[in-house]
Amino acid sequence: MTSEGGRVVGTPRAPGPESGRKDGRTARRPPVPRLPARPEVGVLLGALAVLVFFLIAAPSVRQGGSMATVLYPSSTIGIMALPVALLMIGGEFDLSSGVAVITSALTASSFGQAKKIFASSFGVGGVQVKITVVWWLVYAALATWLLLRTRYGNGVFAVGGSQDSARAVGVPVGFTTITLFMLVGFGAWFVGMHNLFSFDTVQSGEGVGNELIYIAAAVIGGCLLTGGQGSAIGPLFGAFMFGMVNQGIVYAGWNPDWFKAFLGVMLLGAVLINLWVQRTATGGNR
């Protein structure tokens, strides 16, 4: 220690062996070990496993027309699962999303131009594919960009993690929450228009219970029920799993009631995978 003008000045010491250590929160990990921490990795592996299972158990699934049939319900579920997932990341639920689809269809009327947008088909290699599959992929890309590349997306994660903390750093919590509910409403309107222009008739009770399927697709896709974590790609694969199981059971000639059993197994697996992802993301400190 030396004295300069009445001040005590410490002599700098060489950094010790502990000064360069980092805990699990700040240590940089290589990309490969970091990959399993992505919320969509688990559901991607699950979707591939379900696909391979039904390719073996139901050979008719291997046909192009059968896969187009699988993608159709996947797309109608997935279009709604995307905004529901964003809302869940923001820490909220919308239990009216199922009936909102049918309600929006009941309040509209038919005309030819809208049918081309909402309920048309196009050919790919001799197979007719519904336009909803294209919209599903487009919305997934837009939602991914919104979450990962915009300030609004950062705000969604912040609000879902802690509203008080988000408000303290200047995130407009009220605006973010309201717009997330508006996105769910837009998704419900879009799927409702597809139902109307595709079938020309709508039953008022058709949407009851569908909100649980949308939420389940988001949870299977890696969105935490507590908010603050998730992605848009995960629910895309989650919706595909629903469509694959729903149609695969039919192609395999099994009792359709088995769909509920598969749903329960998928949800249980999603919860376990979410716990594993959380542990991996925090370096096993939880």
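Residues numbered from 1 in each chain as written. Predicted model: local features only at pLDDT ≥ 70, side-chain atom pairs only at ≥ 80, totals over all residues. Heavy atoms only, no water.

**Digging into the packing of aromatic side chains**
All chains considered together, the criterion is met by 14 aromatic pairs. Considering the side-chain rings of F53 and F54, the 5.1 Å spacing of their centres and the 80° angle between planes classify their relative orientation as edge-to-face. Assessed through its relative accessible area of 38%, F53 is described here as partly exposed. Judged by centre distance (5.9 Å) and plane angle (45°), the ring pair of F54 and W254 falls under tilted. Residue F54 is located in helix α2 (residues 41-57), and its partner W254 is located in the loop between α11 (233-252) and α12 (258-281); the two are separated by 200 residues in the primary sequence. Counting every residue linked through ring pairs, the aromatic cluster contains F118, W135, Y139, F186, W189, F190 and F197. When the ring centre of Y72 is taken as origin, the NZ or CZ atom of K130, which lies over that ring, is 5.6 Å away. (Phe/Tyr/Trp six-rings, centres within 6.5 Å; stacked < 30°, edge-to-face > 60°. Buried < 20%, exposed > 50% of the residue type's maximum accessible area, 1.4 Å probe, protein only. Helix = DSSP H or I, 4+ residues; strand = E, 2+ residues; numbered from the N terminus. Lys NZ or Arg CZ within 6 Å of the ring centre and 35° of its normal.)

**A closer look at the pattern of salt bridges**
For the structure on display, the rule yields one salt bridge. Where R167 meets D164, a salt bridge forms, and the shortest distance between an N and an O atom there is 3.5 Å. One end of the pair is R167 and the other is D164, both in helix α8 (residues 163-168) and three residues apart, which spans about a single turn. Residue D164 is classed as exposed on the basis of its relative accessible area, which comes to 59%. (Salt bridge = Lys/Arg side-chain N within 4 Å of Asp/Glu carboxyl O.)

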